[in-house]
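Chain by chain, the residues run as shown.
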Amino acid sequence: MLERFARAMREPATKRHWAPQFECASRERIRDIQHEKLAAMLPYLYEHSAFYRAKFKAAKLKPADIKTLADLPKFPVTTKDEMARDVAANRPWGTYTPIDDKTWRRRGWIIFSTSGTTATPRSFRYTALDAELWATTSARALYAMGVRAGDSALTCTNYNPHVFFWSIHHAFNLMNVAVVPGGVPTERRLQMLDLYRPTILVATPSYSLHLAGAMREVGADPAANSIKKVICGGEPASGIASTRRRIEETWNAELHDIYGCTEAVPAGWAFTCREGLKRDPVATHVQEDLQIWELVDPDTFEPVSPGERGLTVVTNLNSEGSPQLRFLVGDFATFDYGKCVCGRTFARAHGGFNGRADDMLNIRGLKLFPSVVEGIVRGFDTLGNEFQIVLETEGVMDAFTIVVETSAPIDDTYARELRARLEAEVIRQCELRPRIQIAAPGTLPRTEFKARRVIDRRRTL
Ligand SMILES: [Zn+2]
């Protein structure tokens, strides 16, 4: 069983970083590959995961009942909450992955977990086979971005259990791209940029702007630096046009985006291709020979019609450690199945993945994604990179304040004008009237890794 599963996984995960036989395959061929891998993956998952056996049983299904993509929606989506309950009852690993202690002792490679300070973290054990698959499938995404042997990359991370950085590190190794491990404070990273002249910067979008600001403070110009590509993960980037423009202009470099999730797409991520960057909006390819991507209605979890917006659900066909079935990643996206200018036939998320349903705010009964506010703020050249959304309760109403900071001191007249223009733009795009508070340059907290921009102090009734 495992051998068959491993063979099905390996074959399309070629070590050639450019694999047109898969990446440019006809839609029919992609579907055939997905069916073939499903037929190997489902019995493997059923046999080795008590969590999934119980889900199959509850749905009155057997693996053989799901043969095609059309059969998939018979199986209910898998949520983080279900996994959390499973791990609480079966500490420390839960039963939602097929890895048992014996496999782990024989072929264990690395553990990733979700952050859990109060609850038991959801943990994922990956094997030596996964290590190989992570490198080959992620290298394909980097190749599509134009990364080549001879490049070198500064990775701004402390290598905490964050799948994005580990998978990109192994992919760089495979491609003969030298890595400068930047697990050090910002000052040392500035020194590394200056001394080692890497061509690629790997960071969260927020941190890439923070690093550029730190560089300017010491009198250096990020636009004149050696960086040719900024590769971002962990937060939306290329899909927010003003953030993308700001990062590209700041670094005088191409911005590329990686999208995945700890549970089911730790590697072999969705990616922006180089040719597609010239299009607006930017689109993000999903690697459909490795995963099955679906979009579902946020309320019913039923599949949406082709071309409609929905929440992302993924089935990971290429993992020994975490082959999740219909896992609800939960980002809103719209897929385009037309061929890309780069020649790839993998579906593309138009405008990227810009709002995780979990991050959505409900203000005075209206839905708001922080990424929309980010898009507005970054569109004002006189505003700095940091901002905050502060929510409080006033009487029975939500008070909604956006705190921004200017990049240089401004006078009262301009502050009034700026407030009015920002307010009008937020009302236009979000249908919500905000209070705008303008802070002095450099006074908002700096982002060192992932930004925390929403401060919700509302009373819960
Ligand atoms: Zn493309």
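Counting restarts for each chain: residues are numbered from 1 in the order of the written sequence. The model is predicted, so local features are restricted to residues of pLDDT at least 70 and side-chain atom pairs to those at 80 or more, both for listing and for counting; the totals for chains, interfaces and linings are taken over all residues. The side-chain quantities take in all heavy atoms of the structure and omit both hydrogens and water.

Novice: I'd like a rundown of the overall build of the chain, residues and numbers included.
Specialist: Put simply, DSSP H or I for four residues or longer makes a helix, DSSP E for two residues or longer makes a strand, and each gets a number counted from the N terminus. Looking only at helices and strands, the chain features 13 helices and 20 strands. As defined in this context, the radius of gyration uses C-alpha atoms, and a globule is described by 2.2 Å times the residue total to the power 0.38. Its C-alpha atoms give the chain a radius of gyration of 23 Å, near enough to 23 Å, the size a compact globule of 461 residues would have. Looking at the chain residue by residue over its 461 residues, the buried ones come to 55%. Exposure was quantified through the Shrake-Rupley algorithm and a 1.4 Å probe, taking into account, for residues, occlusion by the shown protein chains and nothing else. Here the chain displays about 19900 Å² of accessible surface, and carbon together with sulfur accounts for 50% of that area. Distance from the positive charge centre (61 side chains) to the negative charge centre (56 side chains) of the chain: 4 Å. Exposed residues in this analysis have more than 50% of their type's maximum accessible area, buried residues have under 20%, and partly exposed residues fall in between, with area computed by a 1.4 Å probe over protein chains only. In this tally, Asp and Glu contribute negative charge and Lys and Arg positive charge; neither His nor the terminal groups of the chain are included. By convention, the charge on Lys lies at NZ, on Arg at CZ, on Asp at CG and on Glu at CD.

Novice: I'd like a description of the nonpolar core, backed by residues and values.
Specialist: What makes a nonpolar core is a set of buried Ala, Val, Leu, Ile, Met, Phe, Trp, Tyr and Cys residues whose side-chain atoms join them at distances within 4.5 Å. Among the nonpolar cores identified, the biggest contains 50 residues, and I66, W293, L325 and F353 are the most heavily contacted of them. At 6 residues, the largest contribution of residues to this core is made by helix 3 (residues 27–48). Only heavy atoms matter for contacts: two residues are in contact if any of them lie within 4.5 Å across the pair. In contact with W293, other than residues within four places in its own chain, are Y259, V265, V286, Q287, T312, V313, V314, V329 and F335. Membership of the second largest hydrophobic core comes to 23 residues, among which are A144, M145, A171 and I231.

Novice: Give me the domain arrangement of the chain: which residues, what numbers.
Specialist: Start and end points for every domain follow an automatic or database-based domain assignment. Assigned domains within the chain: domain 1 (1–358) and domain 2 (361–456). The centre of domain 1, based on its C-alpha atoms, is set 30 Å off from the matching centre of domain 2. Taken together, the contact pairs 20 residues of domain 1 with 19 residues of domain 2. Note on terms: buried area is the combined drop in 1.4 Å-probe accessible area of two parts once they are placed together, counting the loss on both. At the boundary of domain 1 with domain 2, total buried surface from both sides reaches about 1600 Å², with 50% on carbon and sulfur atoms. Looking only at domain 1, the three residues that lose the most surface to domain 2 are S206, H210 and R246, adding up to 32% of its buried area.

Novice: Give a detailed account of the confidence of the model for the chain, specifying residues and quantitative values.
Specialist: The pLDDT value tells you how sure the predictor is about a given residue, anywhere from 0 up to 100. Residues with a pLDDT of 70 or more make up 98% of the chain, whose mean pLDDT is 92. No element of the chain has a lower mean pLDDT than helix 1 (residues 2–10), which averages 81, and none a higher one than helix 4 (residues 50–58), which averages 98.

Novice: Report on the coordination of the zinc ion, specifying residues and quantitative values.
Specialist: Here the zinc ion is held by C273 (SG), H285 (NE2), C340 (SG) and C342 (SG), and the distances to it run 2.1 to 2.3 Å. As a rule, N, O and S atoms within 2.8 Å of a metal are its donors, except that Na, K and Ca use 3.2 Å; water is not among the atoms, so sites may look incomplete. Geometry is assigned from the angles between donors: four donors with all angles from 85 to 135 degrees make a tetrahedral site, four or six donors whose opposite pairs exceed 155 degrees while the rest stay between 65 and 115 make square planar or octahedral sites respectively, and everything else is labelled irregular. Of note is the zinc ion, whose 4 donor atoms meet at the metal with angles of 105 to 115° in an arrangement that counts as tetrahedral. In primary-sequence terms, the residues that donate to the zinc ion follow C-x11-H-x54-C-x1-C. A residue pair is termed long-range when its members are at least 10 positions apart, and C273 in the loop between strand 8 (265–271) and strand 9 (283–285) and C342 in the loop between strand 13 (335–336) and strand 14 (348–350) qualify at 69 residues. The buried category is assigned to C273, whose relative accessible area is 1%. The class for C342 is buried, based on a relative accessible area of 13%.

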